[in-house]
Amino acid sequence: MTPAADPEIRPARRDDLPAVVALLADDALGASREDTSEPVALCYREAFAAMERDPNNMLYIAVSNDEIIGCFQLTLIPGLSRRGALRAQIESVRIAASRRGQGLGRVLFEWAIEEARRRGCILVQLTTDKTRGEAQRFYESLGFVASHEGMKLQL
């Protein structure tokens, strides 16, 4: 299934933060992790400012009819392994509840993967919570392979 109209995908701006935080919170896991109070909490404003200063760290949004309907973060990671390869990390992908199941996630991922390729990456990676079985099946349909076991340490 494809979206009725492809959205505009563009870098997020500071005034997009309330909508982006709302998307992050509109999720079973995000509901308990995010703070949607107004004005946008300082922690989000500071994180966004840090991302704006880093040319390898981008927050993108999908807009349709002046409504923010999706978001994702694309981070470019230089490294020595794989002969000094540049890799991309895709994180914080969210689709507005009213637009889920319409193919928008696929549009965002295809755009992000092409952007990573355009920027010279040889690998795109992501992490997903083990409770997100449907998301894992979706990532596999895009060609992602669960080749590594991810681990996290809460600090």
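In what follows, the accompanying structure is described. (Residues numbered from 1 in each chain as written. Predicted model: local features only at pLDDT ≥ 70, side-chain atom pairs only at ≥ 80, totals over all residues. Heavy atoms only, no water.)

This next bit is on the overall build of the chain. Scanning the chain from terminus to terminus reveals five helices and five strands. Over its C-alpha atoms the chain spans a radius of gyration of 16 Å, differing by no more than 12% from the 15 Å that the globule rule assigns to 155 residues. In the chain, the share of contacts with a sequence separation of at least 24, taken over all contacts with a separation of at least 6, comes to 58%. About 9,800 Å² of surface is accessible on the chain, with carbon and sulfur atoms providing 52% of the total. (Helix = DSSP H or I, 4+ residues; strand = E, 2+ residues; numbered from the N terminus. Rg over C-alpha atoms; globule rule 2.2 N^0.38 Å. Contact = heavy atoms within 4.5 Å. Areas by Shrake-Rupley, 256 points an atom, 1.4 Å probe, with all protein chains shown as cover.)

In a disulfide, the sulfur atoms of two cysteines are held together by a covalent bond. For the coordinates displayed, the defined rule picks out zero disulfides. Cysteine C43 shares no disulfide, and the gap to the nearest cysteine sulfur, in C71, comes to 15 Å. Accessibility expressed as a relative area gives 0% for C71, which makes it buried. (Disulfide = S-S within 2.5 Å. Buried < 20%, exposed > 50% of the residue type's maximum accessible area, 1.4 Å probe, protein only.)

This next bit is on the packing of aromatic side chains. Under the criterion given, the structure shown has eight aromatic pairs. Judged by centre distance (6.3 Å) and plane angle (70°), the ring pair of Y139 and F144 falls under edge-to-face. Residue F144 is classed as buried on the basis of its relative accessible area, which comes to 15%. The rings of F109, F138, Y139 and F144 are connected pair by pair, giving a single aromatic cluster. (Phe/Tyr/Trp six-rings, centres within 6.5 Å; stacked < 30°, edge-to-face > 60°.)

With that settled, consider the pairing of strand β5 (residues 123–126). Alignment of strand β4 (residues 86–95) against β5, held across four bridges, turns out to be parallel. Within β5, the residue paired with Q89 across the bridge is Q125. The parallel pair β4 and β5, bridged by helix α4 (residues 104–118), forms a crossover whose chirality is right-handed. (Pairing = 2+ DSSP bridges. Right-handed = clockwise from strand over helix to strand, strands pointing away.)

It is worth spelling out the nonpolar core at this point. With 40 residues, the main nonpolar core has I9, I61, F72, L74, L108 and F109 as its most contacted residues. Sorting the residues of this core by element identifies α1 (17–25), α2 (42–53), β2 (57–64), β3 (67–78), β4, α4 and α5 (133–141) as the ones contributing at least two each. With near-sequence residues (within four places) excluded, L74 lies in contact with N56, N57, M58, Y60, A88, Q89, I90, A112 and E115. (Core = buried A, V, L, I, M, F, W, Y, C linked by side-chain atoms within 4.5 Å.)

Turning our attention to the pattern of salt bridges. In this structure the tally under the stated criterion is 10 salt bridges. Measuring nitrogen to oxygen at the nearest pair gives 2.8 Å for the salt bridge that ties R10 to D16. The residues R10 and D16 share a single accessibility class, namely buried. Between R94 and D27 there is a salt bridge, with its nearest N and O atoms 3.8 Å apart. Separated by 67 residues along the polypeptide, R94 in strand β4 and D27 in the loop between α1 and α2 bring together distant segments of the chain. Judged by its relative accessible area of 11%, R94 is buried. On the basis of relative accessibility, which here comes to 16%, the residue D27 falls in the buried class. A single salt-bridge network, built from bridges that share partners, covers D27, R94 and R132. (Salt bridge = Lys/Arg side-chain N within 4 Å of Asp/Glu carboxyl O.)

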